[in-house]
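Chain by chain, the residues:
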Amino acid sequence: MPTGSGKTAVMVLVSILLRATRVLVIAPSRLLREQLVEKFSKLEPLRRVGALDEAADCPVVIEQAERVDTLAAWNAMASAHVVVALPHSASPGIEGVAAPPADLFDVVLVDEAHHIPARIYRALAEAFPAAKCVLFTATPFRRDEREIPGDLVFTYHLAQARRDGVFGQLEFVPVKVAANASQRKRDEAIARAASRRLGADRRSGFDHRLLVRASSKDRADELGDVYSAVTSLKLKRIHSGLSQKWVQRAVEELRSGQLDGVITVDMLGEGFDLPNLKVAALHSRHRSLAVTLQFIGRFARTSTDLTLGSATFFAIPSEIEPDAEGLYTPGAEWNEIVESLSRDQIEGEAQAREFARSFARPARSASHVEGDTPEEDDLTDDDAARLLRTVKPYFHVKVYDALAVPDLEASILVPPSLVPILTRRSAKHNAVIWIGREQHVARWTTHPAWVDVAHEMFLIVHVPEHSLLFVCSSRRENSVYDGLVGSVLGDQHRRLATSEVNRVLRGISSPEFFSLGLKNRAGASGGGGESYQMRAGRSAARSVRAADSALYSQGHAFCRGDENGKPTTIGFSSSSKLWANRRDGLDQFVDWMHALSLKLRDSTPVMTGSGLDKLGVARRIEHFDAPVVAGDLAHDAYTRRGSRVTNVGGAEPWLVDFAVRIDGQSGTSVEFSLFATELELRFKTTLARTPLITAASETAANAMLRGEGVCSEDPLIEYLNTHPPALYLATLARVDGDEQQDPPRRDGPAVIAEQIRAIDWRGLGVDPFREKPANGRSKLKSLFEYVEGTLMASAAELVFLDDGAGEIADYVSMTPEADRVCVELFHCKAASKESSAKVPNQQISNLYEVIGQAIKCRRYLEPRRLVEQLEHRQTLQHSRFCIGDIDVAKKLLADPTRVVFEVVVVQPSLSTEPSEAIARLLEAADAYMRGGDQVPLVFWGTQA
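Keep in mind it's a predicted model, so treat the numbers as computed, not measured.

A.B. asks: Lay out the overall build of the protein chain with the relevant residues and their values.
C.D. replies: When helices and strands are tallied, the protein chain shows 23 helices and 41 strands. Against the globule reference of 30 Å for 944 residues, the protein chain gives a C-alpha radius of gyration of 39 Å, more extended than a compact globule. Its C-alpha atoms put the protein chain at 130 × 70 × 50 Å along the principal axes. The burial tally for the protein chain puts 53% of its 944 residues in the buried class. Excluding contacts between residues fewer than 6 apart, the proportion of contacts in the protein chain whose partners are at least 24 apart in sequence is 70%. Where the 112 positive side-chain charges of the protein chain centre and where its 125 negative ones centre are 4 Å apart.

A.B. asks: Now, about the pairing of strand β14 (residues 431-441): what can you tell me, with residues and values included?
C.D. replies: Of the pairings in the sheet, the one linking strand β13 (residues 419-426) to β14 comprises seven bridges and is antiparallel in character. By the bridge assignment, Val419 is partnered in β14 with Arg437. What sits between β13 and β14 in their antiparallel hairpin is a turn of four residues, with Asn430 showing a positive phi close to 50 degrees. Pairing of β14 with strand β15 (residues 451-463), which is carried by eleven bridges, proceeds in the antiparallel orientation. Pairing of Ile435 across the sheet is with Met457, part of β15.

A.B. asks: Go over the confidence of the model for the protein chain with me, naming the residues and quoting the values.
C.D. replies: Taken residue by residue, the protein chain gives an average pLDDT of 88. The fraction at 70 or more is 90%. Below a pLDDT of 50 lies the segment residues 365-375, which in the model reaches 17 contacts outside its immediate sequence neighbourhood of four places, other chains included.

A.B. asks: So what's going on with the sheet that holds strand β32 (residues 726-729)? Residues and values would help.
C.D. replies: Pairing is antiparallel across the open sheet formed by five strands, whose spatial order is β23-β34-β33-β32-β24. Each edge of the open sheet carries a strand with a single partner, namely β23 (619-620) and β24 (628-632). In this structure, β32 lies alongside strand β33 (residues 734-736), joined through three bridges in antiparallel fashion. Bridging across to β33, Leu727 finds its partner in Val735.

A.B. asks: Can you tell me about the packing of aromatic side chains, naming the residues and giving the values?
C.D. replies: By the definition in use, this model includes 18 aromatic pairs. Both rings, one in Phe105 and one in Phe128, keep their centres 5.1 Å apart while their planes meet at 90 degrees; by these two values the pair is edge-to-face. With a gap of 23 residues between them, Phe105 in the loop between α4 (87-90) and β4 (107-110) and Phe128 in the loop between α5 (119-125) and β5 (132-135) connect regions that are remote in the sequence. The buried category is assigned to Phe105, whose relative accessible area is 2%. Grouped by ring-pair contacts, the aromatic residues Trp761, Tyr786, Phe826 and Trp940 constitute a single cluster. In this structure, Arg757 is placed above the aromatic ring of Trp940, and the distance from its NZ or CZ to the ring centre is 4.8 Å.

A.B. asks: Give a description of helix α2 (residues 30-42) that names residues and reports values.
C.D. replies: Given a rise of 1.5 Å per residue, 13 residues ought to cover 18 Å, and the 19 Å separating the end C-alpha atoms of α2 matches this to within 8%. Along its buried surface, α2 packs onto α1 (7-17), β1 (23-26), β2 (61-64), β3 (82-85), β4 and α9 (244-256). Of the residues flanking the start of α2, the one acting as N-cap is Ser29, its side-chain oxygen 3.2 Å from the backbone nitrogen of Leu32. Note on α2: the residue one or two positions beyond its end, Leu43, has a positive phi of about 55 degrees.

A.B. asks: Which residues make up the sheet that holds strand β30 (residues 704-706), and what are the values?
C.D. replies: An order of β25-β30-β31 is seen for the three strands of this open sheet, with the pairing classed as antiparallel. On the outer flanks of this sheet lie β25 (644-646) and β31 (714-715), each paired with one strand and no other. Across two bridges, the pairing between β30 and β31 is antiparallel. Across the sheet, Leu705 pairs through a bridge with Asp714, a residue of β31.

A.B. asks: Which residues make up the pairing of β1, and what values do they have?
C.D. replies: Burial along β1 is two-sided: the face carrying Val23 and Val25 and the face carrying Leu24 and Ile26 are both buried. Pairing of β1 with β4 involves four bridges; the strand directions are parallel. When the bridges of β4 are listed, Val23 appears paired with Val107. Where β1 lies against β3, four bridges are found, and the strand directions are parallel. Paired with Ile26 across the two strands is Ala85, which belongs to β3.

Cut-off values and rules
Residues numbered from 1 in each chain as written. Predicted model: local features only at pLDDT ≥ 70, side-chain atom pairs only at ≥ 80, totals over all residues. Heavy atoms only, no water. Helix = DSSP H or I, 4+ residues; strand = E, 2+ residues; numbered from the N terminus. Rg over C-alpha atoms; globule rule 2.2 N^0.38 Å. Buried < 20%, exposed > 50% of the residue type's maximum accessible area, 1.4 Å probe, protein only. Contact = heavy atoms within 4.5 Å. Lys, Arg positive; Asp, Glu negative; His and termini not counted. Charge placed at Lys NZ, Arg CZ, Asp CG, Glu CD. Pairing = 2+ DSSP bridges. pLDDT = per-residue confidence, 0-100. Phe/Tyr/Trp six-rings, centres within 6.5 Å; stacked < 30°, edge-to-face > 60°. Lys NZ or Arg CZ within 6 Å of the ring centre and 35° of its normal. Expected span 1.5 Å × (residues − 1). Polar contact = N/O pair within 3.5 Å; in protein donor to acceptor, adjacent residues only side chain to side chain.

Put into structure tokens, the structure is as follows:
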């Protein structure tokens, strides 16, 4: 109930309606204690308004002013109907206060009950466990966000109080001063303005008083000097440093009109009743919006016995706390704003309590298996709700398409080291929360007694109307997210594409991006190429140039702006994560998810008006818009070199030794094989289906993947669905899973024909239609023989033949020069005779495979990685050093700053004057190389 709206009368009524025998009233201050004693003793205003019979007896009321230090002192209270006491004199939480009889009171009333989380308040309220406890406050929320126990059973809103005539009109008058004005000048300006209004009110017949608010005792003294110097008002200072006798005399003089006003430091606050206080001079800010609203309410009250005007507040707007900025706006309609703020605060508190109470202990899950740790806790529902109201997570989630209805009763998969503390599910809000604890030895010791304790929180929320699942985890590892979403959806889920996630920017006006990620469409590669760029600072979006769109697409973004007239922040990443720079209660967090889900399902284009719009974006596809011509393992496969594929007929090949071969395709599916030497594992990718990749052979279905030094194994098919192979279309667009990235574009007007070297194949005795040496004798050399002979006759100090699945290239050569070491990777493919027995024949199909091989070798364009792969490949049957050995390779590549790379595509069908379609293909392939490492492709073709 708002300050001044009759809480004391309701307290008296509650005592009667609860048929109380003996009531304890807890007051926060001496002034309030005195007022409560008076109201209970006379039963006012209940008699005046006719709520009680005039003949009804008044209760016996004791004002407990002394500390209750003996049991006898408590027992003496048994003669009264009502005892009014301060916690500081009656709380057993204070040393020297005796423990009271537990049955002394059957009703406990707490005034200004937002104080009850304090230890001494709580100890007094809980000293009588069988008593009914009723809490009264104008502000059922605290600045420190500590829990106020109990249920909200009645709310009397400010708007209703104004309609009932309990509250009058409010007006805020901003005081204007120069920006560089001194504190003294600012104080004088407020003092003059408040004095003028008080004088004008009195001339209009209103018996008003002034309250000057100071932030400290010293400031109160300073303001006393200011008001004495620039006004003729008679004021007195009131603060805790003065005696109680002084304060009481000042209050009496204020009530009688002997004083024009008072200068206070957080006094005449809670519950103080003087309707004549109608002018407020705010020389200091309140600590919170709650205190501000309570303060304003004190001035808004009306009186049937007095002729009073509107309440007026004076302050310098720039000095107001941020959470009350909307209140102190020049021209603001204060009654509406104050009422709205108060209503929003109270309704928000009620919503948070309702939300927490909606969570219940889960039924034992049907998916619970023997040996699992049951998700149980020993908390009561009330205790769990109380704890849930203290949870204030950072707004960070990973969002998934829910392709089925999630089972929120299932046992969710969390890290096994965690012990459950609280597990609850809300059917109303389609949510499950799991909170647990773990202990581990501190990182700086091996002593088992020195342990750190950590708590983790996991929240899963389903938005059924949009078929979205939001997962919040205090642990941000991908494996944790995978376990959580898999617990409730199995494999019936998929993360959102970047083109869907970036929809959260919709509705953000004037966005200011202070972090941007640019994702290299050429993928992750070596040689110093940037697979990902970070732009940070207020000019992050302005730093994106049109030329960046040739190579980069959107990776992540984080911005601030305005939404629906309020400041907001929002971030997204291509890994389907969303976040805001905000912490709040669980109910607000879930509301945020629902608001985002509306945006995520709105497919209209998002334009921010910033440099972000220049970048491409990965999009989900349901059919292939061009033939799939090549494939490659995901980048992750090459970062886990020690992983082996097992359960494939006794062999245990390295994962990186597998190559991807396209076997067949339709508009929506691709059949592919992972092959290594004699081993072949067949799979199928089908778009718009879950799981995306399925095994097409028994061997593939049974294949397992074991990490380096890891005893356990996981199905290879699960790994492929988490890290799907990259598929390259005929346009050289890249498809990862079911997301398609446009190919990089060359930045500049260079002509690709200039990179094609004409070879006179016949004149050099080479058969352009034969790739490898013939089994029998042949007059013409194969492409392999020609390239190898050329390299053997060159100045190269190392030549390596790497033929077979998972190859680096067909040939690798290293040639030291004056200021560098030139490393060349050759990829050879013979011309096809299908359509012509001549070269060049302009057959684009002859180029797809070799171009794909050239693109895939980018991962080895880095000296360290190349040495590691050479060391590994030399052990295989079809690979060998033609010149040099691994020690030569290590020596030549020892200084990475001197190493330059060149990738050569050998294809006789290629003309030095390529057709438009072939030129586009070559340009796209060249853009991949330049985008990853600024390494241009070189082609060996045939003179047109």
